[in-house]
Structure formats: C-alpha cells, structure tokens
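Chain residues, written in single-letter form:
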Amino acid sequence: KSLTAHIVRRIVLFESYSAAILFQQTFFRVFLLRIFAILVTLFQTAQTAEEKENEEGEACAESQIGMVLYKFIMFDMITEIVTNLVVPAVKYRCGRCCGSIKQLSEEEELAALNRKNTEHNIDSKTKVDLAEFELAGDS
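A brief structural summary. Note that the structure is a prediction, hence the values are computed from the model and not measured. (Residues numbered from 1 in each chain as written. Predicted model: local features only at pLDDT ≥ 70, side-chain atom pairs only at ≥ 80, totals over all residues. Heavy atoms only, no water.)

## A word on the overall build of the protein
The helix and strand inventory of the protein stands at four helices and zero strands. In sequence order, the protein lays out its α and β elements as α-α-α-α. In the protein, buried positions account for 9% of the 139 residues. As displayed, the protein offers around 12000 Å² of accessible surface, 64% of which is attributable to carbon and sulfur atoms. (Helix = DSSP H or I, 4+ residues; strand = E, 2+ residues; numbered from the N terminus. Buried < 20%, exposed > 50% of the residue type's maximum accessible area, 1.4 Å probe, protein only. Areas by Shrake-Rupley, 256 points an atom, 1.4 Å probe, with all protein chains shown as cover.)

Below you can see the structure in the form of structure tokens.
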C-alpha cells in the first residue's frame, strides 16, 4: 500500500518538478496506479468467473466479483488496524523496554506540556506580530 506511494514520490522528486506541481504529480500517479491495479483484478476475476459460470457448483460472476471486493475491503481494514493500532503500541512498548521512552511522573509530564504550550503561544504571538508588521508596512 505505501510502497507504491514511496516509489512514485522518489520518481517525482527525481524529475525535479516545482513545489506547486510536486503534490499534484504524486497524487495523480499513485491514484491512477491503484485504480489500475483494482480494475485489472476485477476484470481478470470477471473473465475467470464467466468462464466457470456454466460449471456445476460455481457462483455467478457478480457474486465472485463481490467476494473479491469484500476481500479488498477486509484486507484494507486489517492493514489500517495493524499500522495504526498494533505497530504504534509495539513501538511504544519496545521504547519503554529499551529505555528510549522514559517513565515520567505526572508533575514532569504537566511541566513538559506547560513548557510546550508556552513555547507555542510565544511562537504564535511572534507570527501574529510579524504579520501585523508586514501588513502595516504594505500600506
């Protein structure tokens, strides 16, 4: 799933498109490749199902295509669950065991969140001031 996007992204970067066209080229190429792969699979399934449709005990072509689509959806759901739930949990547990993620007390966690919040507020206030300065200079 992500291998196609990774390869296409490398190809588009190699072609040295401008920043405005970079995302567009990557998105459309990945989209077209995925749609093409699905269509080839569906047409191949339809052709195979039509050949076997007259045999005894075989399901109709529409039923077989529906099962292929169902398997696509189930595979995608399982892939999403594994990449979004299982992998982060395993990485977190391994990080805790290896010591790369430290166990912090509640006070330390609150202090870290407060520090991040104040840094964010200072950065956003500075950006607003710079924007106001630029707007004032333009007039």
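Picking up where we left off.
## Overview of the pattern of salt bridges
Overall, the coordinates contain one salt bridge when judged by the stated rule. Among the salt bridges present, the one from E15 reaches R29, with a minimum N-O distance of 3.0 Å. Taken as a pair, E15 in the loop between helix 1 (2-14) and helix 2 (19-52) and R29 in helix 2 lie far apart in primary sequence, 14 residues in all. Look at R29 and you get partly exposed, because its relative accessible area is 25%. (Salt bridge = Lys/Arg side-chain N within 4 Å of Asp/Glu carboxyl O.)

## Points about a negative patch on the surface
A surface patch of like charges, here negative, comprises E50, E51, E53 and E62. Relative to the helices and strands, E50 is located in helix 2. Note on E50: relative accessible area 53%, which makes it exposed. (Patch = residues over 30% accessible without salt bridge, like charges linked within 9 Å, V, L, I, M, F, W, Y side chains within 5 Å. Lys, Arg positive; Asp, Glu negative; His and termini not counted. Charge placed at Lys NZ, Arg CZ, Asp CG, Glu CD.)

## A few points about the packing of helix 2 against helix 3 (residues 61-98)
Close contact between helix 2 and helix 3 brings their axes to 8 Å; oriented N to C, the two are set at 150 degrees. The element helix 2 and its partner helix 3 pack so that their crossing is right-handed. Contacts between helix 2 and helix 3 pair I38, T41, L42, T45, A46, A49 and E50 from the former with A61, Q64, I65, V68, L69 and F72 from the latter. Residue composition of the contact of helix 2 with helix 3, grouped by class: nine nonpolar, three polar and one charged. (Axes fitted to C-alpha atoms, helices over the stretch in contact; angles between N-to-C directions. Left-handed = near helix turned anticlockwise from the far one by under 90°. Contact = heavy atoms within 4.5 Å. Nonpolar A, V, L, I, M, F, W, Y, C, P; charged D, E, K, R; others polar.)

## Quick look at unusual backbone geometry
Comment: phi is negative for the bulk of residues other than glycine, and the bulk of peptide bonds are trans. The phi torsion at S16 lies on the positive side, around 60 degrees, for a residue other than glycine. Relative to the elements of secondary structure, S16 occurs in the loop between helix 1 and helix 2.

## Observations regarding the packing of aromatic side chains
The full count for this structure, using the stated rule, is three aromatic pairs. For the ring pair F27 and F31, a centre distance of 6.1 Å and an interplane angle of 15 degrees mean the geometry is stacked. Highlighted residues: F27 and F31, both in helix 2, separated by four residues, approximately one helical turn. The exposure class of F31 is partly exposed, given its relative accessible area of 44%. Ring pairing ties together the aromatic residues F23, F27, F28 and F31, which thus form one cluster. (Phe/Tyr/Trp six-rings, centres within 6.5 Å; stacked < 30°, edge-to-face > 60°.)

## A few points about helix 3
The end-to-end C-alpha separation of helix 3 is 53 Å, in line with the 56 Å expected for 38 residues at 1.5 Å each. Taken as a whole, helix 3 carries its principal kink of about 35 degrees at V82. Within the sequence span of helix 3, burial applies to A61, Q64, V68 and G95. The secondary structure elements touched by the buried residues of helix 3 are helix 2. One or two residues past the end of helix 3 sits G99, with phi positive at roughly 95 degrees. (Expected span 1.5 Å × (residues − 1). Bend = angle between axes of the 7 residues up to and from the residue.)

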